[in-house]
Amino acid sequence: MMCIMMCYVMIGRSPPVMNHTKGGLVIFSANSHPSSREISKRIGERLGVELGKVQVYQEDNRETRVQIQESVRGKDVFIIQTVSKDVNTTIMELLIMVYACRTSCARSITGVVPYFPYSKQCKMRKRGSIVSKLLASMMCKAGLTHLITMDLHQKEIQGFFNIPVDNLRASPFLLQYIQEEIPDYRNAVIVAKSPASARRAQSFAERLRLGIAVIHGEAQDAESDLVDGRHSPPTVKIPLLIPKEKPPITVVGDVGGRIAIIVDDIIDDVDSFVAAAQTLKKHGAYKIFVMATHGILSSDAPKLIEESAIDKVVVTNTIPHEHQKLQCIKIQTVDISLILSEAIRRIYNGESMSYLFRHIGLED
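These figures come from a predicted structure and were not determined experimentally.

Trainee: Break down the pairing of strand β14 (residues 331-334) for me, with residues and values.
Mentor: Alignment of strand β13 (residues 312-316) against β14, held across four bridges, turns out to be parallel. Paired with Val313 across the two strands is Ile331, which belongs to β14. The β-α-β motif built from β13, the intervening helix α9 (residues 322-327) and the parallel element β14 has right-handed crossover chirality.

Trainee: How would you explain a negative patch on the surface if you had to name every residue and give the values?
Mentor: Where like charges cluster on the molecular surface, the negative patch consists of Asp269, Asp271, Asp300, Glu306 and Glu307. Inspection of the secondary structure puts Glu307 in the loop between α8 (301-306) and β13. The exposed category is assigned to Glu307, whose relative accessible area is 57%.

Trainee: Describe in detail the sheet that holds β13, supporting the description with residues and values.
Mentor: Pairing in this open sheet of seven strands is mixed, and the strands run β10-β9-β8-β11-β12-β13-β14 from one edge to the other. This sheet does not close on itself; its edge strands, each paired only once, are β10 (250-252) and β14. Put simply, the sheet's adjacent strands are angled 25 degrees from each other on average, direction ignored. Pairing of strand β9 (residues 211-216) with β10 involves three bridges; the strand directions are antiparallel. Bridge assignment links His216 to a residue of β10, and that residue is Thr250. Contacts from helix α5 (residues 171-181) reach β11 (259-267), β12 (287-295), β13 and β14, with the element oriented near 155 degrees to β12. Contacting β8 (188-192), β9, β11 and β12, helix α6 (residues 198-208) runs over the sheet at an angle of about 160 degrees to β8.

Conventions used here
- Residues numbered from 1 in each chain as written.
- Predicted model: local features only at pLDDT ≥ 70, side-chain atom pairs only at ≥ 80, totals over all residues.
- Heavy atoms only, no water.
- Pairing = 2+ DSSP bridges.
- Helix = DSSP H or I, 4+ residues; strand = E, 2+ residues; numbered from the N terminus.
- Right-handed = clockwise from strand over helix to strand, strands pointing away.
- Patch = residues over 30% accessible without salt bridge, like charges linked within 9 Å, V, L, I, M, F, W, Y side chains within 5 Å.
- Areas by Shrake-Rupley, 256 points an atom, 1.4 Å probe, with all protein chains shown as cover.
- Salt bridge = Lys/Arg side-chain N within 4 Å of Asp/Glu carboxyl O.
- Lys, Arg positive; Asp, Glu negative; His and termini not counted.
- Charge placed at Lys NZ, Arg CZ, Asp CG, Glu CD.
- Buried < 20%, exposed > 50% of the residue type's maximum accessible area, 1.4 Å probe, protein only.
- Axes fitted to C-alpha atoms, helices over the stretch in contact; angles between N-to-C directions.
- Contact = heavy atoms within 4.5 Å.

And the structure:
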């Protein structure tokens, strides 16, 4: 802690100030993954606050049990939860911890969930359901009064909550990585692996003053032809849309002899990224980076990345991926605990959050 304070003095800045007269700040770390405690410790060190005492464990019958081991009455509680491989256990840990703090008379309960689970299921698809809306309702019902998250898959998810939601951005950290860790980044081009991610790529390109390329013709999920009532003909003649025809995969933009940087918000199933890297190699890109906020990297993603034309995959620590890094040396991590700790400090002190959203447009 003394070293951190000395660093602020050396650079001529005052360390973050916490207003401890309000009634008390308590930061709890959930038990989903050891790295959850790691990022919680980093946040606590930056704020000069020790983590609260809580016991979270699984019973023999796989039920989650939470025991708050210090008083939270009248205090502002922040619960940090990262999403582990067992996502449903992660959710239950968070919900039970929130409810335990609520029944223990905490004044406010803020969830710090860097990656919001089930965020991909935010749209109605055929006879499915909008699961992220269900999860938002469960969090609010449990007693959450505020949510801090990062790079929601769709920004409209904020509307599923009836509490304040601060959707922070990781792009400043990724942009900083490009400028500091890629020596010849001026010879790079920002790539969208599909037209759907072109806005994000455009945002990166404009901030770095670089060109943009878009891979067009990515294979889409085929419609199911099951005879289950979806294709039953109507009793009257209704004009129908012409079926889409997948165009051949092409690259719109020049990547020959340049560094290709593919940007996206989530990297989970890496097949599309591997295919994009192969296409870029064929079009003359000599080095390929993949940058994303959330590195889920499930299944055999590390192996596929290691064997692919991708040179590096850069993700933040919103999701634990230490095991994947052991399997693939191409994966690198950017720490975003700084912005999370600053968001906690501002919310606790009642300060404006506007500074953390400076120069952020609708496309970011």
